[in-house]
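Chain by chain, the residues:
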Amino acid sequence: MQGLLTLGQFIIEKQSDFPYAKGELSRLLRDIGIAAKIVNREVNKAGLMDILGDVGTVNIQGENQKKLDVFANEQFISALTSGGECCIVASEENDDFVPIDAEVSKNAKYIVAIDPLDGSSNIDVNVAVGTIFSIYRRKSTDGKATLEDVLQNGTEQVAAGYVIYGSSTMLVYTTGKGVNGFTLDPSIGEFCLSHPNMTIPKDGTIYSLNEGNYVHFPDGVKKYLKYCQVEDQQTSRPYTSRYIGSMVADVHRNMIKGGIFIYPTTSGAPNGKLRLVYECNPMAFIIEQAGGRATDGYNRICEKEVSSLHQRSAIFIGSENMVLKAEEFMRQYSALTPDEKAEKKLEQMGVIGGID
Ligand code: P6P
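Asks: Is there a simple way to explain the domain arrangement of the protein in this structure?
Replies: Interfaces are often described in size by the accessible area the parts lose on coming together. Domain annotation for the protein reports domain 1 (7–195) and domain 2 (206–342). Taking only C-alpha atoms, the centre of domain 1 and the centre of domain 2 are 24 Å apart. In this assembly, 49 residues from domain 1 lie in contact with 32 residues from domain 2. Taking both partners together, domain 1 and domain 2 bury about 2,800 Å²; carbon and sulfur atoms supply 63% of that area. Taken together, the connections running from domain 1 to domain 2 amount to one salt bridge. With a closest N to O distance of 3.3 Å, E92 and R275 form a salt bridge. On the surface where domain 1 and domain 2 come into contact, there are 14 residue pairs in polar contact (both at pLDDT 80 or more). Sorting the residues of the side of domain 1 that touches domain 2 by element identifies β3 (86–91), β5 (110–118), β6 (129–137), α4 (147–150), β7 (159–165) and β8 (169–174) as the ones contributing at least two each. With seven residues, the single largest contributor to the side of domain 1 that touches domain 2 is β6. A breakdown of the residues in the side of domain 1 that touches domain 2 according to their chemical character gives 23 nonpolar, 19 polar and seven charged.

The structure is reproduced here in structure tokens:
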């Protein structure tokens, strides 16, 4: 049986894979791993102490902040501050980006965009939640890093990952050389390599979207949904519907079993609900690295113009052939007119304000 390989040992072994070696990525992922272990401890005993429920504040998304949301955010920012490699944290829980001005970080070169606790609506009902993170190298070379260092396209990511706090706690990440998964062994407090070289099946039979929004879906999504539900033995349809309501849990299940996760535009969320910078781009990078596909129904997520910190996007992500099939229906039934394409482009460039 292969010996135990901890996250730390693995990163050091793979250090040559990361162009900016010198231990920088090691320390960044170590810092994220430390915070994830602390968050995991609180998530696992959330029902036993006064950490469930709402703080009584609302974040920029207009969502009630859960006590664990705020706790998790504080833990990741604190770990990244003390680690000394991060100069800016862009978090779902903070209206603006958080500059890291600590003395130890004065030469820090990395930007970390993070959703510290995704799926928080599930916390109080004991359903899997997750953390999503994305790592960029700052583009500016002098003075303090700025918002422009954060608003980089998904293709500029140097690493991305997620933590899923489920039946076990896993950390899954990529640095652009494939995807590897580590399971937390609580007996030694270490993430250990459990899923080397993760790949997502090219086909799957699971579709994952909130069908309660059906009437508000674009016609292309409605038609694809019906395609999934039609009886056809040759293509193993009808598919199975699975929707957890935590993006990390839904995407992780599809990574293992094959499947597609869709959060399209709706009349209530004309630009989609999920955030491009710290949800869509990192998950897209990971899934592409695992051989899957991630678009907004038309264009590759990682190539979308990033014009604001909390910008939203539709997302079709998962098994390559399932996403391609859904895109066929979008082209056939929800093709963007030239004016709509131009308007979306301007919105993405921040020239005109799309409803966020
Ligand atoms: P809905 C959780 O709040 C989240 O951001 C994602 O994790 C999840 O996929 C989605 O929103 C669920 O949204 O509208 O279906 O409840």
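Picking up where we left off.
Asks: Would you mind showing me how to read unusual backbone geometry here?
Replies: The phi angle of most residues is negative, glycine excepted, and most peptide bonds adopt the trans form. Between R237 and the following residue, P238, the backbone shows a cis peptide bond with an omega angle of 5 degrees. At N126, a residue that is not glycine, the phi angle is positive and equals roughly 65 degrees. Relative to the helices and strands, N126 resides in the loop between β5 and β6. On the accessibility criterion, N126 (74% relative accessible area) is exposed. A positive phi angle, close to 55 degrees, is found at S236, a residue other than glycine. The residue S236 is located in the loop between α5 (219–229) and β12 (240–241) in this model. S236 sits in the partly exposed class, given a relative accessible area of 44%.

Asks: Which parts of the structure should I look at to understand the packing of helix α6 (residues 247–257) against helix α7 (residues 276–289)?
Replies: Where α6 contacts α7, the axes come no closer than 12 Å and their chain directions differ by 10 degrees. Relative to α7, α6 is oriented roughly parallel. Where α6 abuts α7, its residues M247, V248, V251 and M255 lie against E279, M283, I286 and I287. Across the contact of α6 with α7, the residue classes break down as seven nonpolar, no polar and one charged.

Asks: Which parts of the structure should I look at to understand the side chain of D115?
Replies: Structurally, D115 can be placed in strand β5. One buried charged side chain, D115, makes no salt bridge at all; its nearest oppositely charged neighbour is R275, positioned 5.5 Å away. Residues in contact with D115, not counting those within four places in the same chain, are E92, G130, T131, I132, Y278 and E279.

Asks: Which parts of the structure should I look at to understand the nonpolar core?
Replies: Proteins that are soluble and globular tend to have nonpolar side chains buried together. Ranked by size, the top nonpolar core spans 46 residues in total, and within it M255, M283 and I315 carry the most contacts. A domain split of this core shows at least three residues from each of domain 1 (7–195) and domain 2 (206–342). The residues touching M255, leaving out its near neighbours within four places in the chain, are Y162, V179, M198, T199, I200, P201, I286, I287 and A290. Counting 41 residues, the second-largest nonpolar core is a separate cluster that includes L68, V89, F182 and L184.

Asks: Explanation requested: helix α8 (residues 320–333) in the structure shown.
Replies: Structurally, the α-helix is built with 3.6 residues per turn, so residues lying three or four positions apart point the same way. Helix length check: α8 (14 residues) gives 20 Å between terminal C-alpha atoms against 20 Å at 1.5 Å per residue, within 8%. Turning to α8, its buried residues are M322, V323, A326, E327, F329 and M330. Buried residues of α8 fall within an arc of 155 degrees about the axis and therefore sit on the same side. Of the exposed residues in α8, those oriented more than 90 degrees away from the buried face are R331 and Q332. For α8, the secondary structure elements touched by its buried residues are β11 (206–208), α5, β13 (260–263), β14 (293–295) and β15 (315–318).

The rules behind these values
Residues numbered from 1 in each chain as written. Predicted model: local features only at pLDDT ≥ 70, side-chain atom pairs only at ≥ 80, totals over all residues. Heavy atoms only, no water. Domains from an automatic or database assignment. Contact = heavy atoms within 4.5 Å. Buried area = accessible area lost by both parts, 1.4 Å probe. Salt bridge = Lys/Arg side-chain N within 4 Å of Asp/Glu carboxyl O. Polar contact = N/O pair within 3.5 Å; in protein donor to acceptor, adjacent residues only side chain to side chain. Helix = DSSP H or I, 4+ residues; strand = E, 2+ residues; numbered from the N terminus. Nonpolar A, V, L, I, M, F, W, Y, C, P; charged D, E, K, R; others polar. Buried < 20%, exposed > 50% of the residue type's maximum accessible area, 1.4 Å probe, protein only. Axes fitted to C-alpha atoms, helices over the stretch in contact; angles between N-to-C directions. Parallel < 35°, antiparallel > 145°, perpendicular 65-115°, else oblique. Lys, Arg positive; Asp, Glu negative; His and termini not counted. Core = buried A, V, L, I, M, F, W, Y, C linked by side-chain atoms within 4.5 Å. Expected span 1.5 Å × (residues − 1). Arc of directions from axis to C-beta.

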